[in-house]
There are 4 protein chains.
Amino acid sequence: MTSSELVELRRDLHQHPEPAWCEFYTTARLVDELETRDLDALYVGPEVLSEDDRMAVPDGDKLTTWFERARDAGAREDILERLEGGYTGAVAVLERGEGPTVGLRVDIDGLPITESEDADHAPAAGGFRSENEGYMHACGHDSHATIGLGVLDAIAESDFEGTLKVFFQPGEEQIAGGKSMAKSGHLDDVDYLLAAHIGLDHPSGEIVAGIDGFLAVSHFEAEFTGAPAHAGARPEQGDNAIQAMATAIQNLYSIPRHADGATRVNAGVVEGGTATNIIPEEASIGGEVRGETTELMEYMEEKSRRVIRSAAEMHACEVAINTEGKAPSATSDDELVAIVSDVAKSNASVESVIDRDVLGGSEDATYLMQEVQDNGGLAAYIGVGTDHPGGHHTRTFDVDEDSIGIGVEVLAGAILDVAEMRP
Amino acid sequence: MTSSELVELRRDLHQHPEPAWCEFYTTARLVDELETRDLDALYVGPEVLSEDDRMAVPDGDKLTTWFERARDAGAREDILERLEGGYTGAVAVLERGEGPTVGLRVDIDGLPITESEDADHAPAAGGFRSENEGYMHACGHDSHATIGLGVLDAIAESDFEGTLKVFFQPGEEQIAGGKSMAKSGHLDDVDYLLAAHIGLDHPSGEIVAGIDGFLAVSHFEAEFTGAPAHAGARPEQGDNAIQAMATAIQNLYSIPRHADGATRVNAGVVEGGTATNIIPEEASIGGEVRGETTELMEYMEEKSRRVIRSAAEMHACEVAINTEGKAPSATSDDELVAIVSDVAKSNASVESVIDRDVLGGSEDATYLMQEVQDNGGLAAYIGVGTDHPGGHHTRTFDVDEDSIGIGVEVLAGAILDVAEMRP
Amino acid sequence: MTSSELVELRRDLHQHPEPAWCEFYTTARLVDELETRDLDALYVGPEVLSEDDRMAVPDGDKLTTWFERARDAGAREDILERLEGGYTGAVAVLERGEGPTVGLRVDIDGLPITESEDADHAPAAGGFRSENEGYMHACGHDSHATIGLGVLDAIAESDFEGTLKVFFQPGEEQIAGGKSMAKSGHLDDVDYLLAAHIGLDHPSGEIVAGIDGFLAVSHFEAEFTGAPAHAGARPEQGDNAIQAMATAIQNLYSIPRHADGATRVNAGVVEGGTATNIIPEEASIGGEVRGETTELMEYMEEKSRRVIRSAAEMHACEVAINTEGKAPSATSDDELVAIVSDVAKSNASVESVIDRDVLGGSEDATYLMQEVQDNGGLAAYIGVGTDHPGGHHTRTFDVDEDSIGIGVEVLAGAILDVAEMRP
Amino acid sequence: MTSSELVELRRDLHQHPEPAWCEFYTTARLVDELETRDLDALYVGPEVLSEDDRMAVPDGDKLTTWFERARDAGAREDILERLEGGYTGAVAVLERGEGPTVGLRVDIDGLPITESEDADHAPAAGGFRSENEGYMHACGHDSHATIGLGVLDAIAESDFEGTLKVFFQPGEEQIAGGKSMAKSGHLDDVDYLLAAHIGLDHPSGEIVAGIDGFLAVSHFEAEFTGAPAHAGARPEQGDNAIQAMATAIQNLYSIPRHADGATRVNAGVVEGGTATNIIPEEASIGGEVRGETTELMEYMEEKSRRVIRSAAEMHACEVAINTEGKAPSATSDDELVAIVSDVAKSNASVESVIDRDVLGGSEDATYLMQEVQDNGGLAAYIGVGTDHPGGHHTRTFDVDEDSIGIGVEVLAGAILDVAEMRP
């Protein structure tokens, strides 16, 4: 694929952002491309997922809506059929003689953010703004998928010896898909795994050879149930689920900071009540806690459970708390980081190389990295700088498309060098 | 209509509860019935509403969904067409010679409550539970509409002299429809207006001749807008709309009680955020305040505005506050109350008559009552007792269907006696 | 005592406001006056109190401080000695032949409010502003005590037949003294009891013959205990008592309003923590709940207990909740109200008489009223209007001193007429 | 001074913990000891402080109370007189020929914590528990002062060449005294400054050669003023300062965590209201914010100001926010850290040496360190491990008294080696 074809692909994906397990158009488009390559294997949908480890799968209505939307957007019907029920993602395999098995993991999902329409927002100005109103590729996964394809092509054309597997993983944003792909079996023979992320406040031309400091994360859903009553006639007869929810929110954010390291908490999605004149019977919080270590995440989990339960108790409500998704922490292995660093330093387009940096966010690539490391392999997570006007997860996020090519070169170069290691 | 036909009608309406401006099936069903009567006029939809005074009209999508649902449920297509755009409700007119114009106002909308499936909940056991899942006639408006038709038939068969107008009003629950019907012009020549409500904690066989103490009410919608950010990587860059919302909720409920009389506040519906890993950019509260007098309601309005604005300011959010619906207070006129009381006392099915009671809730019948009273006419609001297992606005609410007949008799009797007064 | 002597006495008392059980100067000053009268009995301090029923007695340090202050202000040493340990108050008895025993109850304590120094605040301008900085007669009890003495003198000079007892009660503001005096035995032979209050938003020249609607009240003290920690080095090791307290306060004020009538809640006094750099281990709320009926007060009590306990639980704190003082509701008896009304109407200085009004506050006179009523006697609570520039319990509260004379005349007149009733 | 004398001194100081600017007994006791040495200069009280830079000075009453307490505890009258007005602390100077000027800074104040009476709390069991009930040496400053004296003696007996200044600094806990001593002029000629802290979760026998990561800190006092009202009769007329305070507290703790590093917030001391039946007019929060860098501290300051102001606004209150004390961050210089490390490693009692560690708390030693560093000198902050049963700032904190001797040896050794450097 040429540079301009890569950009064209990225823009097409950018126009069709889809949330976890709804990446129907995205998967179909990628598979459509992949089928034109001379691959040794191409696994799609249910073939790349461990059924029991899918997390945060949306309900049937939502799946259907996105399925139809993908069809309307022109996704190939025969591929779509293979994805039914929300089994998205793909794994492409290239076998090139004796040598280690190297994996590259890229993620493909979008976010529920309404994309900017400002004239100085390139996708708006350039006519490739999101067509799925209210959703947006605001974290660069459109570029990630594109880089995955670019690397595959680059390796195919190289003198690579070994096996390359490119993992197109669904549902990263909700920590929904990583574990399912990690447990699919496709990682079992991977000796070396690279994963990559664009941006992260690093400018175009900068490469971070090894990223660490992934925050362990746990998503939860708290559902409060009280008792309804007429808000005018009998306010005292209600047990107010929204009051319980509000008390919980205020106290969730005020869980004490921890001296051992960074923690996070967010009540990201709330919903409650049915009418202004009914004391609300139901309310819910979709939230998450994080920690610099698994222990810190668990500290936040325990405190948040206590807050939520006591808030319910205070307002005579019941509450059910479900854990919706979790990811561990992980570290990049020195040997791989050294290889990536060397490759990057020798690349003319790379202006600056940082050996190690800290993410400060969470990533379910850690599931795949752990899987490989637990099997005795090595893994690294690489940062590909890009000038991005707005921050990640904001409506003006965008990438410098030149970074896509740099990412392809550095990752392909690293894979070539990695293949020369012997496990 | 016979008693059993009335019950059948009530059950059909019960199965099809619809929210404000979406009473497509209900209106169509009532109009279908009304057309078989020998009426002097029948006004439908836009003909009975003042365009500018419709409040809390839902968006087009919601209107369309309910319109389709009514069609699917078998509503007559020709009537439905007249209601398009959410113009629901009807006014039936019977002219019977010289005499005053007497109005009867009944409301027809349902509530966003999921109806009980318990075996001891009569509609569930009897097979006429709500077919619109998540919605329910939990306040008896199905019976009100039925009583309206029953009274019309009873008067038609009587020696009534004068004009009877029955107002089938949409959107009472959200205080959405009263003003629009009050300002439609159809009230201008009404000399006496009766309105009625079933239940209200009064048992079957009890009549309240005049209800007062309507709480003045004001509905509002507060929409908070902050700034999103990645909850793990950059929490400090967000301006958290859900934190602003939660702070507002806690402080709304804690607005000081007022020594001059009863006040109310409810944050009835909330919504906010898009994903657990994004600091929420948007959140909203649909709420209401009430007061025993208009002044008390305004005290609550002013305090609630201050709370909401300061909560937004605290979290660096913007907030827009819209008033969605208002209703004044009102009182029942002595002359009418006396007539109703006399009629009730002489009715064999009535076991107990209370002359005056206090509602403690709100009602936009007050708009119609005020309209008539401002024109020099008289108005009264009547309570028709019914044994109801669950409270109003709860999922086990139901009526004793015998009360429908009692309601028809007392109201028709009162209308006959009222017609003999000379304004 | 002449009018000007009464005014002089009131101003002296006004300069020496003292809180519950610390009314040393006040009692000594009153006893000093009373001893110059030809009384049949004068009971002081411990003689007028039931030991076990004293509530909210301050600690020894506070008692000592106020005791010294009274001495420094010139209180008679021999009287002070009789009050040691915080036994304040007095009962003066006048026996004038055969006839019923009539009681008059007045209260004598002040409030912890800093008095205004404004030029238009009469006590400041007139040189009789509070000398006990931070305390103030902001509810008119200085006038009440003065009226008590004035009535005693007026009856002494009249042809009254029977026995008059004037109760100078300590500790009304904290609901601390009423029960103790009610249970002292001095009420046992009282046939008729009058109690009075000045102001209450009624203007000078207005009399309320019977006040009802006392809110039942319950005071509480909630003490939260958590675990301290260094706020910088180990914030996660603290269990924060001030967070628990703040959560409780927010939710106390937001206990649902009750449809059956007025309720109140106040977190009136808080304290917590020891240093800015220590996660606070202890915090307390001194608060109260009220209800239009005892049931409503108990509703508030139960809800407030739940809020406080859950707030403690939420922040892993212990909490102890103590009830500090309670008073029931009470009603004025018709026969007495009628007598007061007649007397007031025939008094030239009285411009307007209201037969019944509602207090909307609480009063532990209700203990004395109930005691008499339980013994088969009658009781009434009378309002003596006065123009007051600031509201009760604010720093600009003051009385129109002409009202003192009106109060004396109306109450003395009523006592004379009451004495002619036969129990 | 022998080991056992040092322990005796420490226990005496332990029995007399005093807060900032009230270290009357402590200073007098130390000066009494120092006067028996052959010093070249001894500065006391006002001589060691910059008047304008004293922060958080208590009011006169508190100063007087502690002054009297010191006198009652047997402090020398002639020394006490020099400390009047809260000018505590001392600087001892030893001149021993040509050589650099080396400073040692120790702090001397206690904390408002009630010391444990448990049998397994050594001071309780050993009879040297705090005699100032409610106050405690819960952070080891009694040991610091003792170490200061021990080092002075050790150097006096050595072949040290140069000048040694020992700074006995008051008011560290409230960040009250550091700046005042730093700006006193006594630091101007100091070439090298050592400061030390015992404990910090390091065990006996462990030395941290250089401590960094002091959190920048800012103390504040927020005073809310509303309007009082009778809580029963006119709740709506109050502007509730305690509600404003509670809203502020809840939202202070929930200021978003910052991705750039550690932040802290604490509402450490609160007070408000005067009576349960008065809507509270006044309330205050004594609190602090911290940050890993000055920028992070300022982020917290700005956010906290916004929260406090909006909470006041929400409840129609005024608020005044005063900054009560601040301290910057600081770092230990490599050259000094290396010397301390070498000395420690060669000391037989030292079992483990850590070169660098992070404090995670705040310290106003940073003012003195900065002063020296700004003048071109070097500074280091050293940790002296000790087994401590309870955490710092808790009621069971205690030290292993053997650590005092180790601290003296390591610090004296380091001072000797430092003196051989040439600035």
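Here the residue numbers are simple positions, counted from 1 along each chain's written sequence. Chains carry letters from A onward and ligands carry numbers from 1 onward, assigned in written order. With pLDDT at 70 or above as the cut-off, local features in this predicted model cover only qualifying residues; side-chain atom pairs require 80 or more to be listed or tallied, and sums for whole chains, interfaces and linings still use all residues.

An unreviewed UniProt entry annotates chain A as Amidohydrolase originating from Halogeometricum borinquense.

## Details of the overall build of chain A
For the record, the criterion: Secondary structure elements are taken from DSSP: a helix is a run of H or I of four residues or more, a strand is a run of E of two residues or more, and numbering for both begins at the N terminus. Radius of gyration: C-alpha atoms only; globule rule: 2.2 Å multiplied by the number of residues to the exponent 0.38. Contacts here follow a simple rule: the backbone-placed C-beta atoms of the two residues must lie within 7 Å.
For chain A, the helix and strand inventory stands at twelve helices and twelve strands. Relative to a compact globule of 423 residues, whose C-alpha radius of gyration would be 22 Å, chain A shows 22 Å and is just as compact. Overall size of chain A, expressed as C-alpha extent along the three principal axes, is 80 × 50 × 40 Å. Long-range contacts, defined as pairs at least 24 residues apart, comprise 83% of the intrachain contacts of chain A with a sequence gap of at least 6.

## Overview of the UniProt feature "binding site: Mn(2+) 1" (unreviewed entry) in chain A
The condition is simple: UniProt positions are given in the numbering used here, feature names are shortened, and annotations may be inferred rather than shown by experiment.
Within this structure's numbering, the places UniProt gives as "binding site: Mn(2+) 1" (unreviewed entry) are A:Glu173. With respect to the secondary-structure elements, A:Glu173 resides in the loop between strand S4 (162-169) and helix H7 (178-182). Once residues within four sequence positions are removed from consideration, A:Glu173 is found in contact with A:Ala20, A:Asp109, A:Leu111, A:Cys139, B:Ala275 and B:Asn277.

## Looking at the interface of chain A and chain B
Heads up, the rule is: Charged means Asp, Glu, Lys or Arg here, nonpolar means Ala, Val, Leu, Ile, Met, Phe, Trp, Tyr, Cys or Pro, and polar covers whatever is left, Gly included. Pairing between two strands requires that DSSP report at least two bridges joining them.
Contact residues are listed per partner, giving 51 residues for chain A and 53 residues for chain B. Examining the composition of the side of chain A that touches chain B, we find that eight residues originate from one element, strand S8 (residues 263-272) of chain A, more than from any other. Its residues assigned to classes, the side of chain A that touches chain B shows 22 nonpolar, 23 polar and six charged. In the sheet, S8(A) pairs with strand S8 (residues 263-272) of chain B via three bridges, with the strands oriented antiparallel. Pairing of A:Glu271 across the sheet is with B:Glu271, part of S8(B).

## Considerations on the interface of chain B and chain C
Between chain B and chain C, the contact holds eight residues from the first and eight residues from the second. For the side of chain B that touches chain C, the class distribution of residues is two nonpolar, four polar and two charged.

## Thoughts on the relation of the copies chain B and chain C
To go from the first copy of the chain to the second, apply a rotation about an axis and then a shift along the same axis. So the rule is basically this: A residue counts toward the fit only if its pLDDT is at least 70 in both copies, and the copies are then superposed by least squares on the C-alpha atoms of those residues.
Each copy superposes on the other: chain B lies on chain C with an RMSD of 0.2 Å after a rotation of 178° and an axial shift of 0.1 Å. When the rotation and shift are considered jointly, the pair of chain copies conforms to a two-fold rotation axis. When each C-alpha of chain B is compared by its distance to the rotation axis, B:Ser254 comes out closest, at 2.2 Å. By residue overlap, the copies meet face to face through one surface: 100% of the interface positions of chain B are interface positions in chain C.

## Thoughts on the sheet that holds strand S12 (residues 378-384) of chain A
All names here are of chain A. Selection rule: Axes, fitted as lines to C-alpha atoms, cover a helix only where it is in contact. Angles between the N-to-C directions of the axes lie from 0 to 180 degrees.
Here we have eight strands laid out as an open sheet, ordered S1-S2-S4-S3-S5-S12-S6-S11, and mixed in their pairing. Strands at the two margins of the open sheet, each flanked by one partner only, are strand S1 (41-44) and strand S11 (352-358). Going across the sheet, the axis of each strand differs from the next one's by a mean of 20°, ignoring polarity. Alignment of strand S2 (residues 90-96) against S4, held across seven bridges, turns out to be antiparallel. Looking across to S4, one finds that Ala-90 is bridged to Phe-168.

## Describing the UniProt feature "domain: Peptidase M20 dimerisation" (unreviewed entry) in chain A
UniProt tags residues 220-311 of chain A as "domain: Peptidase M20 dimerisation" (unreviewed entry). Along residues 220-311 of chain A, the helical share is 33% and the strand share 28%, with 16 Å between the first and last C-alpha atoms.

## Notes on the relation of the copies chain A and chain B
Take chain A, turn it by 180°, move it 0.0 Å along the axis, and it overlays chain B with an RMSD of 0.2 Å. Of all interface residues in chain A, 100% are interface residues in chain B too; the two copies therefore contact each other through one and the same surface.

## Quick word on the sheet that holds strand S3 (residues 101-107) of chain D
All names here are of chain D. In space, the eight strands of this open sheet follow the order S1-S2-S4-S3-S5-S12-S6-S11, with mixed pairing throughout. Strand pairing shows two members of the sheet lacking a second neighbour, strand S1 (41-44) and strand S11 (352-358), which therefore form its edges. Each neighbouring strand pair of the sheet contributes to a mean axis angle of 20°, computed without reference to strand direction. Direction of pairing for strand S5 (residues 192-198) relative to strand S12 (residues 378-384): parallel, over a ladder of seven bridges. The residue of S12 that forms the bridge with Ala-195 is Tyr-381. Here helix H2 (residues 24-34) sits on the sheet in contact with S1, strand S2 (90-96) and strand S4 (162-169), set at roughly 20° to S2.

## Focus: unusual backbone geometry
Residue and element names in this part refer to chain A. Going by this rule: Here a residue counts as buried when 20 or more other C-beta atoms sit within 10 Å of its C-beta, as exposed when there are 12 or fewer, and as partly exposed otherwise, the C-beta atoms being derived from the backbone.
With phi around 55°, Ala-316 is a residue other than glycine that occupies positive phi space. Within the secondary structure layout, Ala-316 lies in the loop between helix H9 (294-314) and strand S10 (318-327). For Ala-316, a count of 17 C-beta atoms within 10 Å translates into the label partly exposed. The phi angle at His-393 is positive, at roughly 65°, despite the residue not being glycine. Topologically, His-393 is positioned in the loop between S12 and helix H12 (402-419).

## Side note on the packing of helix H10 (residues 334-345) of chain D against helix H12 (residues 402-419) of chain D
Each pair of packed helices can be described by the angle between their axes along with the distance between the axes. Residues and elements named next belong to chain D. Threshold: Here is the rule for angles: anything less than 35 degrees is roughly parallel, anything more than 145 is roughly antiparallel, 65 through 115 is roughly perpendicular, and the remaining ranges are oblique. It is the rotation of the near helix from the far one that decides the hand of a crossing: anticlockwise by less than a right angle makes it left-handed, clockwise makes it right-handed.
Direction vectors running N to C along H10 and H12 enclose 125°, while the axes themselves pass 9 Å from each other. When the axis of H10 is compared with that of H12, the two are oblique. Once H10 is placed against H12, the crossing between them reads as right-handed. Where H10 abuts H12, its residues Leu-336, Ile-339, Val-340, Val-343 and Ala-344 lie against Val-410, Gly-413, Ala-414, Asp-417 and Val-418. Looking at the contact of H10 with H12 residue by residue, the classes come out as eight nonpolar, one polar and one charged.

## With respect to the domain arrangement of chain A
Many descriptions give the size of an interface as the accessible area lost when the pieces come together. Residue and element names in this part refer to chain A. Stated formally: Domain start and stop points were drawn from an automatic or database domain assignment.
What the domain assignment lists for chain A is domain 1 (3-214 + 330-419) and domain 2 (216-326). One C-alpha centre belongs to domain 1, the other to domain 2; they are set 33 Å apart. Listed as interface residues are seven residues of domain 1 and, on the opposing side, seven residues of domain 2.

## Re the packing of helix H8 (residues 241-252) of chain D against helix H9 (residues 294-314) of chain D
Residues and elements named next belong to chain D. Packing of H8 against H9 leaves a shortest axis separation of 8 Å and a crossing angle of 150°. Between H8 and H9, the interaxial angle falls into the category roughly antiparallel. The handedness of the crossing between H8 and H9 comes out as right-handed. Touching Ala-244, Thr-247, Ala-248, Asn-251 and Leu-252 of H8 are Ser-304, Val-307, Ile-308, Ala-311, Ala-312 and Met-314, all from H9. Classifying every residue of the contact of H8 with H9 by side-chain character gives eight nonpolar, three polar and no charged.

## A few points about the nonpolar core
Across soluble globular proteins, nonpolar side chains have a tendency to be buried as a group. Heads up, the condition is: Remark: nonpolar core denotes a set of buried Ala, Val, Leu, Ile, Met, Phe, Trp, Tyr and Cys residues whose joining runs through C-beta atoms within 7 Å.
Counting 556 residues, the largest nonpolar core has B:Ile415 and D:Ile415 as the members making the most contacts within it. Once residues lying within four places of it in the same chain are set aside, the contact partners of D:Ile415 are D:Val102, D:Leu104, D:Val151, D:Ile155, D:Phe160, D:Leu164 and D:Leu194.

## Looking at helix H1 (residues 3-15) of chain C
Residues and elements named next belong to chain C. Basically, it comes down to this: Expected helix span is computed as 1.5 Å times (number of residues minus one). Arc definition: it is the arc formed by the directions from the helix axis to the C-beta atoms.
End to end, H1 covers 19 Å across 13 residues, agreeing with the expected 18 Å (1.5 Å per residue, within 8%). Those residues of H1 that sit buried are Leu-6, Leu-9, Arg-10, Leu-13 and His-14. With its buried residues spanning 140° around the axis, H1 presents them on a single face. On its buried face, H1 sits against helix H2 (24-34), helix H5 (122-125), helix H6 (141-156) and helix H12 (402-419).

## Remarks on the environment of B:Asp239
Residue and element names in this part refer to chain B. By the secondary structure assignment, Asp-239 is in the loop between strand S7 (216-225) and helix H8 (241-252). The exposure class of Asp-239 is buried, given the 21 C-beta atoms found within 10 Å. Separated by twelve residues in the primary sequence, Asp-239 and Ala-227 place their C-alpha atoms 4.6 Å from one another. What Asp-239 contacts, discounting residues up to four positions off in sequence, is Gly-226, Ala-227, His-315, Ala-316 and Cys-317.

## Some remarks on the environment of D:Pro112
You can see D:Pro112 is positioned in the loop between S3 and helix H5 (122-125). Sequence spacing of D:Pro112 and D:Ile255 is 143 residues, and the spatial spacing of their C-alpha atoms is 27 Å. Among all residues touching D:Pro112, those that are not within four sequence positions of it are C:Thr274, C:Ala275, D:Pro19, D:Gly134 and D:Tyr135.

## Here's the deal with the pairing of S2(D)
Summarising the sheet, S1(D) and S2(D) pair through four bridges and their orientation is antiparallel. Within the sheet, the bridge partner assigned to D:Ala41 lies in S2(D) and is D:Val93.

## Remarks on the pairing of strand S9 (residues 282-291) of chain A
Residue and element names in this part refer to chain A. Most of S9 is tucked away, with eight of its ten residues classed as buried. Two strands pair when backbone bridges link them, and S8 and S9 are joined in this way by nine bridges, in the antiparallel orientation. Considered in S9, the bridge of Val-270 is made with Ile-285.

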